[in-house]
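Here's the letter readout for the chains.
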Amino acid sequence: FAGVDGEALMTGLADDVAVSSGSACASGSREPSHVMTALGAGAVERWGALRFGLGRGTTADDIDAAVTHVTACVAHLRAMAPASVGGGR
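Calculation notes
Residues numbered from 1 in each chain as written. Predicted model: local features only at pLDDT ≥ 70, side-chain atom pairs only at ≥ 80, totals over all residues. Heavy atoms only, no water. Helix = DSSP H or I, 4+ residues; strand = E, 2+ residues; numbered from the N terminus. Buried < 20%, exposed > 50% of the residue type's maximum accessible area, 1.4 Å probe, protein only. 1 Å grid on protein atoms, 1.4 Å probe; cavity = no way out; pocket = protein on both sides within 12 Å on 5 of 7 lines; lining within 4 Å. Points joined across faces, edges and corners; volume = space filled by probe spheres on them. Nonpolar A, V, L, I, M, F, W, Y, C, P; charged D, E, K, R; others polar.

Caption draft 1: Seen up close, the environment of E7. For E7, the position within the fold is in helix α1 (residues 6–13). Note on E7: relative accessible area 23%, which makes it partly exposed. Taking the C-alpha atoms as reference points, E7 and W47, 40 residues apart in sequence, are found 8.0 Å from one another.

Structural data, given as structure tokens:
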């Protein structure tokens, strides 16, 4: 999510959506995902990346609700960000 700090987004979603800011094998690390780095993502993309968790009980309605919540949270964080990192988009 360009223009959004992944940690801030993760905090905003913590009560409603299962997300992590890094790869599963680097759980607890504050470094950007090595997977995103290997894919050639730049710093902005790496720091705004999240990994979503799904389980057997996850329904289509759960995913729709998560999309709505993520969209609103991203819009809120972008509106608060300085223009130099994508605010106001």
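Okay, back to it.
Caption draft 2: Region of the structure containing the layout of surface pockets. If you add up the space inside the largest pocket, you get close to 180 Å³. As for the largest pocket, its lining consists of D16, V17, A18, F52, G53, L54, T58, D62, I63, A65, A66 and H69. With five residues, helix α4 (residues 60–80) is the single largest residue contributor to the lining of the largest pocket. Of the residues in the lining of the largest pocket, the class split is seven nonpolar, three polar and two charged.

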